Amino acid sequence: MAETGKGVTAGKLAINVQKRLTRAQEKVLQKLGKADETRDAAFEEMVANFNKQMTEGTKLQKDLKAYVAAVKTMHDASRRLQDCLADMYEPDWFGKEEMDALAEDTDTLWLDYHQNITDKSLITMDTYLAQFPDIKARIAKRDRKMVDFDSARHHFSSLQKGKKKDEAKIAKPAALLEMAAPSWAQGLISAHQVAQTNLSYNQAEEDLGRAQKIFEELNVELQDELPGLWDNRVGVYVNTFQGLAGQQEKFHREMSKLSQNLNDIMTKLEEQRQLNEEANHSDSASSPPKSAVTNGSDGELPPGFIYKVKAIHDYAATDGDELELKMGDVVLVMAFDNPDEQDDGWLLGVKESHWVQNKDTSAKGVFPENFTQKV
């Protein structure tokens, strides 16, 4: 069985080599102008369009793959950035839970976008281009069969033109044979020569018919298919880019909302920071040494004072009984000796710094209440 297989393989190889040799010889004869070549301008235009269409589609597929890869890269970069922010975001900061949810939503949005453009654009192009290799192979086969048809046609035409010459060439050796042969065998020899000539002629005619049939079947099939494929490219491009544009619009719309949420959280966090900073500054500025303002217990005022206030604006005294203030000064407020002397919106007090140093109220004065706030 192995030897038979080898024999069959060797036989097929020999046939293929012979076909290639015959086609090469026919091509040479056609280029030299010694053999007619079948030409079809309309089909050649279809093939040119096919090649252009395949080249453009392949480039678009390559660029789409590069775009999808870039989206994947951006997704990875976005995830790392969100993870970094989540790691740095302290639990007591404003919007910690919202920040974690925002990071998860952002990652999901990137995943959906990557998957959708892969399914709706890239896979569409992959399916569209999958048909081109088969058609390209059939075009190449059609070209080979056209050469086979031209070769068979050329061979048959040569036999037709040289039939009379061949009969004359056969007749001369036949005459010599007939002279040497017995009379009863002379007719058989002549008939044999004629039969050989007719057999070659008939074989060439059959080969021509078979080659023509194979070529025309492929030719008609491709002529029906190629124009439709060429027209179909517009619909493929429309669907591809409409799908891509739709996914881009959806992605950027949703990402814009998430970005606005992130901006709002950051704004609130900054407000929280400023409030904490002001509170810390206020506590620092209004906290004198405890031994200076207390009678031995934290939070108590010196005797004779009602409460503390802190200046939130500068105030320049315009009269001798007024107290001049600088923003941040802490004042110990005291009651008027005669309540009737107190004007609305005015307080009486002494600066805490003076009291700490001198322990007296000699530098007391009145000041506008709306320039201060209670501590």
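Residues numbered from 1 in each chain as written. Predicted model: local features only at pLDDT ≥ 70, side-chain atom pairs only at ≥ 80, totals over all residues. Heavy atoms only, no water.

Peer 1: Teacher, can you tell me more about the overall build of the protein chain here?
Peer 2: Helices and strands together make up the secondary structure of the protein chain, namely eight helices and five strands. Taken from N to C terminus, the helices and strands of the protein chain fall in the order α-α-α-α-α-α-α-β-β-β-α-β-β. Classification of the 375 residues of the protein chain by burial places 30% in the buried group. Nonlocal contacts in the protein chain, meaning residues at least 24 apart in sequence, comprise 70% of its contacts between residues at least 6 apart. (Helix = DSSP H or I, 4+ residues; strand = E, 2+ residues; numbered from the N terminus. Buried < 20%, exposed > 50% of the residue type's maximum accessible area, 1.4 Å probe, protein only. Contact = heavy atoms within 4.5 Å.)

Peer 1: Explanation requested: the pairing of strand 1 (residues 305–311) in the structure shown.
Peer 2: A regular strand places its side chains so that they alternate between the two faces of the sheet. Counting buried positions over the seven residues of strand 1 gives five, a clear majority of the element. As judged from the three bridges shared by strand 1 and strand 5 (residues 372–374), these two strands associate in the antiparallel manner. Opposite Val309, over in strand 5, you have Lys374 as the bridge partner. (Pairing = 2+ DSSP bridges.)

Peer 1: Before we go on, may I ask you to explain the layout of surface pockets in this structure?
Peer 2: The rolling of a water-molecule-sized probe over the atoms marks out the regions of remaining empty space. The space that makes up the second largest pocket amounts to roughly 260 Å³. Contributions of two or more residues to the lining of the second largest pocket are made by strand 3 (346–351) and strand 4 (365–368). Here the lining of the second largest pocket is built from residues that sort into four nonpolar, two polar and seven charged. (1 Å grid on protein atoms, 1.4 Å probe; cavity = no way out; pocket = protein on both sides within 12 Å on 5 of 7 lines; lining within 4 Å. Points joined across faces, edges and corners; volume = space filled by probe spheres on them. Nonpolar A, V, L, I, M, F, W, Y, C, P; charged D, E, K, R; others polar.)

Peer 1: Could you clarify how one ought to interpret helix 2 (residues 41–88) in this entry?
Peer 2: Turn by turn, an α-helix covers 3.6 residues, leaving residues three or four places apart pointing in a common direction. If you check helix 2, its first and last C-alpha atoms are 71 Å apart, about what 48 residues at 1.5 Å a residue would give, namely 70 Å. Two or three places before Ala42, at the start of helix 2, stands the capping residue Asp40, its side-chain oxygen 3.2 Å from that residue's backbone nitrogen. (Expected span 1.5 Å × (residues − 1). Polar contact = N/O pair within 3.5 Å; in protein donor to acceptor, adjacent residues only side chain to side chain.)

Peer 1: Could you clarify how one ought to interpret unusual backbone geometry in this entry?
Peer 2: Working note: non-glycine residues mostly have negative phi, and peptide bonds are mostly trans. Backbone geometry places Lys359, a non-glycine residue, at a positive phi of 55°. Structurally, Lys359 can be placed in the loop between helix 8 (352–358) and strand 4.

Peer 1: Honestly, the nonpolar core in this entry has me stumped. Any pointers?
Peer 2: Within soluble globular proteins, side chains that are nonpolar generally end up buried alongside one another. Ranked by size, the top nonpolar core spans 32 residues in total, and within it Phe50, Met125, Phe132, Ile135, Ile139 and Leu226 carry the most contacts. Aside from chain neighbours lying at most four places away, what touches Phe132 is Phe50, Gln53, Met54 and Leu229. (Core = buried A, V, L, I, M, F, W, Y, C linked by side-chain atoms within 4.5 Å.)

Peer 1: Is there a simple way to think about the pairing of strand 4 in this case?
Peer 2: Both faces of strand 4 are covered, namely the face carrying Gly365 and Phe367 and the face carrying Val366 and Pro368. As paired strands, strand 3 and strand 4 are joined by four bridges and run antiparallel to one another. The residue bridging Trp346 from the neighbouring strand is Pro368, located in strand 4.

Peer 1: Would you mind showing me how to read the pattern of salt bridges here?
Peer 2: Close approach of charged atoms allows side chains of opposite charge to pair. According to the stated counting rule, one finds 20 salt bridges in the structure shown. Asp134 is paired through a salt bridge with Arg138; the nearest N and O atoms lie 3.1 Å apart. Here Asp134 and its partner Arg138 are both found in helix 4 (residues 132–161), four residues apart, which amounts to about one turn of the helix. A relative accessible area of 46% places Asp134 in the partly exposed class. Note that Arg253 and Glu249 form a salt bridge whose closest N and O atoms lie 2.6 Å from each other. On the criterion of helical spacing, the pair formed by Arg253 and Glu249 is a turn pair, its members being four residues apart in helix 6 (residues 183–285). (Salt bridge = Lys/Arg side-chain N within 4 Å of Asp/Glu carboxyl O.)

Peer 1: Would you explain the sheet that holds strand 3 in this entry?
Peer 2: One key point about sheets: their strands pair by backbone hydrogen bonds, in either a parallel or an antiparallel sense. Strand order in the open sheet formed by five strands is 4-3-2-1-5, with antiparallel pairing between adjacent strands. Two strands close off the open sheet at either side, each with one partner strand: strand 4 and strand 5. Neighbour-to-neighbour, the strand axes of the sheet open up by a mean angle of 50°, direction not taken into account. As judged from the four bridges shared by strand 2 (residues 330–334) and strand 3, these two strands associate in the antiparallel manner. Within strand 3, the residue paired with Leu332 across the bridge is Val350. (Axes fitted to C-alpha atoms, helices over the stretch in contact; angles between N-to-C directions.)

Peer 1: What's the story with the packing of aromatic side chains in this structure? I'm lost.
Peer 2: Two measures describe an aromatic ring pair: the distance that separates the ring centres and the angle between the ring planes. Tallying each qualifying case throughout the model produces nine aromatic pairs. Ring geometry for Phe149 and Phe215: centres 5.7 Å apart, planes at 5°, overall stacked. Of this pair, Phe149 sits in helix 4 while Phe215 sits in helix 6; the two residues are 66 residues apart in sequence, bridging distant segments of the chain. Phe215 matches Phe149 in its accessibility class, with the two residues each being buried. Seen in terms of ring centroids, Tyr315 and Trp346 are 6.2 Å apart; in terms of plane orientation they differ by 75°. Their pairing is edge-to-face. Here Tyr315 is found in the loop between strand 1 and strand 2, whereas its partner Trp346 is found in strand 3, with 31 residues between them in sequence. The ring centre of Trp230 lies 3.6 Å from the NZ or CZ of Arg233, which sits over that ring. (Phe/Tyr/Trp six-rings, centres within 6.5 Å; stacked < 30°, edge-to-face > 60°. Lys NZ or Arg CZ within 6 Å of the ring centre and 35° of its normal.)

Peer 1: I would appreciate a short explanation of the environment of Asn202 in the present structure.
Peer 2: Relative to the helices and strands, Asn202 is located in helix 6. The class for Asn202 is partly exposed, based on a relative accessible area of 39%. For the pair Asn202 and Leu159, spaced 43 residues apart in sequence, the C-alpha separation works out to 10.0 Å.

Peer 1: Any chance you could explain the side chain of Ser121 here in plain terms?
Peer 2: Checked against the element boundaries, Ser121 lands in helix 3 (residues 96–129). Accessibility expressed as a relative area gives 1% for Ser121, which makes it buried. For Ser121, the residues in contact, after removing those within four places along its chain, are Leu64, Asn116, Thr240, Gly243 and Leu244.

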